[in-house]
Amino acid sequence: MNDLVVVPQDSESAPRAPRRRRARRREQSLAPATQSGRSVALPPPDEPAPPRAWRPGTFGVLDIGSTKIMCLIGRGEADGTLRVLGHGWRRSHGVRCGGIVNLHEAEAAIRAAVGQAEDAAERRLDRVYVNLSCGHPESRLFNVRWPVGGREITAADVRRVVTEGQMRAQTEGRSTIHTIPLDFSVDETAGVPDPRGHLCDQLTSRLHVIDASTTALRNLETVLSRAELKIAELVSAPLASGLSVLDEDERELGVTVVDMGGGTTSIAIFGEGHLLHTACLPVGGMHVTRDIAHVLSTSIDSAEWLKTMYGSAELSADDDLDVLPVQLIGDNEHQFVNISRSKVVSIIRPRIEETLEMVRDRLESAGVGRATDGRVVLTGGASLLDGVGNMAARILNRQVRLGRPNNIRGLPEDAAAWPSFATSAGLLAWAAGGGGALGDMDFSEPRPRGFLRRVVEFIRDRV
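Calculation criteria
Residues numbered from 1 in each chain as written. Predicted model: local features only at pLDDT ≥ 70, side-chain atom pairs only at ≥ 80, totals over all residues. Heavy atoms only, no water. UniProt positions renumbered as here; feature names shortened; annotations may be inferred. Helix = DSSP H or I, 4+ residues; strand = E, 2+ residues; numbered from the N terminus. Buried < 20%, exposed > 50% of the residue type's maximum accessible area, 1.4 Å probe, protein only. Contact = heavy atoms within 4.5 Å. Areas by Shrake-Rupley, 256 points an atom, 1.4 Å probe, with all protein chains shown as cover. Disulfide = S-S within 2.5 Å. Axes fitted to C-alpha atoms, helices over the stretch in contact; angles between N-to-C directions. Parallel < 35°, antiparallel > 145°, perpendicular 65-115°, else oblique. Nonpolar A, V, L, I, M, F, W, Y, C, P; charged D, E, K, R; others polar. Core = buried A, V, L, I, M, F, W, Y, C linked by side-chain atoms within 4.5 Å. Domains from an automatic or database assignment. Left-handed = near helix turned anticlockwise from the far one by under 90°. Phe/Tyr/Trp six-rings, centres within 6.5 Å; stacked < 30°, edge-to-face > 60°. Pairing = 2+ DSSP bridges. Polar contact = N/O pair within 3.5 Å; in protein donor to acceptor, adjacent residues only side chain to side chain.

Identification of the protein as Cell division protein FtsA from Gluconacetobacter aggeris is taken from an unreviewed UniProt entry. Taken from UniProt, the Subunit (unreviewed entry) comment for the protein reads in full: "Self-interacts. Interacts with FtsZ." Entered under Sequence similarities (unreviewed entry) in the UniProt record, the comment concerning the protein runs "Belongs to the FtsA/MreB family."

Enquirer: Requested: an account of the overall build of the protein, with residues and values cited.
Expert: Along the protein, the regular secondary structure elements total 12 helices and 21 strands. Burial status across the protein gives 45% buried among its 463 residues. Within the protein, contacts between residues at least 6 apart in sequence are counted, and of these 68% link residues at least 24 apart. Accessible surface for the protein amounts to roughly 25500 Å². Of this, 48% is attributable to carbon and sulfur atoms.

Enquirer: Explain the state of the cysteines to me, using residue names and the numbers behind them.
Expert: By the definition in use, this model includes zero disulfides. Here C280 stays free of any disulfide, with the sulfur of C97 as its closest cysteine sulfur at 8.0 Å. A relative accessible area of 25% places C280 in the partly exposed class.

Enquirer: Any chance you could break down the environment of L103 for me, citing the residues and the numbers?
Expert: Examined against the element boundaries, L103 turns out to sit in helix 2 (residues 103–121). Residues L103 and T222, 119 residues apart in the sequence, show an inter-C-alpha distance of 8.1 Å. When sequence neighbours within four positions are dropped, the list of residues in contact with L103 reads N219, V223 and R226.

Enquirer: Give me the packing of helix 5 (residues 237–245) against helix 11 (residues 422–431): which residues, what numbers.
Expert: Contact geometry of helix 5 with helix 11 gives a least axis separation of 7 Å together with a crossing angle of 85°. Considering their axes alone, helix 5 and helix 11 lie roughly perpendicular with respect to each other. Contacts between helix 5 and helix 11 involve A237, L239, A240, S241, L243, S244 and V245 on the former and, on the latter, A422, T423, A425, G426, L427, A429 and W430. Looking at the contact of helix 5 with helix 11 residue by residue, the classes come out as 10 nonpolar, four polar and no charged.

Enquirer: Help me get a handle on the environment of A240, residues and values and all.
Expert: Within the fold, A240 resides in helix 5. Counting along the chain gives 190 residues from A240 to W430, while the straight-line C-alpha distance between them is 7.2 Å. For A240, the contacting residues outside a window of four places in its chain are V235, A422, T423, G426 and L427.

Enquirer: Mind laying out the nonpolar core, listing which residues take part and the relevant values?
Expert: If you look at the biggest cluster of nonpolar residues, it comprises 99 residues, and the most contacted ones within it are L62, I64, I110, I292 and I352. A domain split of this core shows at least three residues from each of domain 1 (138–211) and domain 2 (249–402). Those residues in contact with I352 that sit more than four places away from it in its chain are V288, A313, L385, V388 and M391. Membership of the second largest hydrophobic core comes to 16 residues, among which are F142, V144, V161 and L207.

Enquirer: Please provide a residue-by-residue account of the packing of helix 7 (residues 285–296) against helix 9 (residues 341–364), values included.
Expert: The contact between helix 7 and helix 9 brings their axes to 9 Å, and the two run at 140°. With respect to helix 9, the element helix 7 is oriented oblique. Considering only the axes of helix 7 and helix 9, their crossing is right-handed. Judged by residue contacts, H287, V288, D291, I292, V295 and L296 of helix 7 engage K343, V344, I347, I348, R351 and I352 from helix 9.

Enquirer: I'd like a rundown of the packing of aromatic side chains, residues and numbers included.
Expert: Two numbers describe a pair of aromatic rings. These are the distance of the centres and the angle of the planes. The tally for this structure, following the rule as stated, stands at two aromatic pairs. With a centroid separation of 6.4 Å and an interplanar angle of 80°, the aromatic rings of F59 and Y129 are classed as edge-to-face. Within this pair, whereas F59 is found in strand 3 (residues 59–64), its partner Y129 is found in strand 8 (residues 127–132), the two being separated by 70 residues in sequence. Classification of F59 by relative accessible area gives buried; the value is 9%. Here Y129 falls in the buried class, since its relative accessible area comes to 10%. Measuring from centroid to centroid gives 5.4 Å for W305 and Y310, while their planes differ by 75°, and the two rings are edge-to-face.

Enquirer: Any details on the sheet that holds strand 16 (residues 274–281)? Residues and values, ideally.
Expert: Strand order in the open sheet formed by five strands is 16-15-14-19-20, with mixed pairing between adjacent strands. With partners counted over all chains shown, the strands left at the sheet margins are strand 16 and strand 20 (400–402), one partner each. Looking at each pair of strands side by side, their axes are set apart by 20° on average, direction ignored. Relative to strand 20, strand 19 (residues 375–379) is paired through three bridges, and the arrangement is parallel. Residue pairing for strand 20: L378 is matched across the bridge by L402.

Enquirer: I'd like a rundown of the side chain of S241, residues and numbers included.
Expert: Looking at the secondary structure, you find S241 in helix 5. A polar side-chain atom of S241 sits 2.9 Å from a polar atom in the side chain of T423. Not counting residues up to four positions away in its chain, the partners in contact with S241 are V257, D259, T379, A422 and T423.

Enquirer: Please provide a residue-by-residue account of the side chain of S244, values included.
Expert: As for its position among the elements, S244 is in helix 5. Residue S244 is classed as buried on the basis of its relative accessible area, which comes to 5%. Within the local environment of S244, its side chain forms a polar contact with the backbone oxygen of S241, the two atoms lying 3.0 Å apart. Side-chain polar atoms of S244 contact the backbone oxygen of A422, separated by 2.8 Å. Those residues in contact with S244, other than ones at most four positions away along the chain, are R404, P405, N406, A422, A425 and G426.

Okay, here's the thing in structure tokens:
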């Protein structure tokens, strides 16, 4: 195969092409391409997608984490972006590993965060969209078949398939939060995104079900009711994070979101445009802080300051030269000792390695095929630690990038800290109607009126 060599012409010696000839060449460039004398029609360019149409109204969301409680009040804009009208946050109290452990302390922190957001937005909330990180959430896949009998598939048929999947997933002491249809098969035709209107004998669906402990959910509902709030909807925390930091191409090709929070690290695997698997690990940035405090005999606040200002997951050549003053606690609380930065890094590194190795093991055991081979997107407050990205790329053996919330305005001006807002920004997108892109489809039908009609509907659903 000969290489094409382009020889530049001297601009002064080369004759200028007549204007009419240049116009003809431009017309020829727009004509169908030719190959071996045959005309090859080029596909028309894709039209730009219209801006996302958000659900009208103003929404409040509440991210209850182990280290902070965040409240956002916002709405969707006509240009497809989200606007935050007010935000508030407080240090988390009464929450451990995402679960409520002290009702009174959690209520006070939630009231303070919501009140700060309400004052900034000049609005009052009575309903909030809340992240699900308590109750040990679990993720399972089900294949469900439903006989149709050769007629046209209706929304009622799809609803029955989803209901059947929920019934199979029911476990004593646990409540279903999400039932996400990943795809449908109409007889032998697989990969149908919405089967309504198709004719078939048997409808098959692959469902992703996420559930959590019923007791933990009741405690969450109790503490919110004490704060004079109702739950508009519970949303899986890793699902919300993925909704805010990923684009459609990443979700289609396969990507894993690792949200490194304060008390937990959550995992969300996306593929073919859907959420395929979630997992929650009971380890996060707060465990790194406690390791520093334990080894150096310093306070939690001092350890957090050391981690934030001087911490890293990777050693560098100058770490032995940097000397840091550390205040001791206990009998020597007014005494300071000098330690090298390399000492702090040597405490941080094993915990981050352990966390990422746990992530790697979960990805290998997820059982969702090649979707786990794609890029990894790190987000959450603990992902901001220096060196975490390089360590993750080495341990997970995948491309890694840092994820920040997309298409949102009104967050605090410090954009470097935006990964800490991934879950709350995703909750706002979900509340405004952005969750439909992930396939959490609602095929519910209105309940029939009248006692006799309800009895008939009950029998029809179970025959």
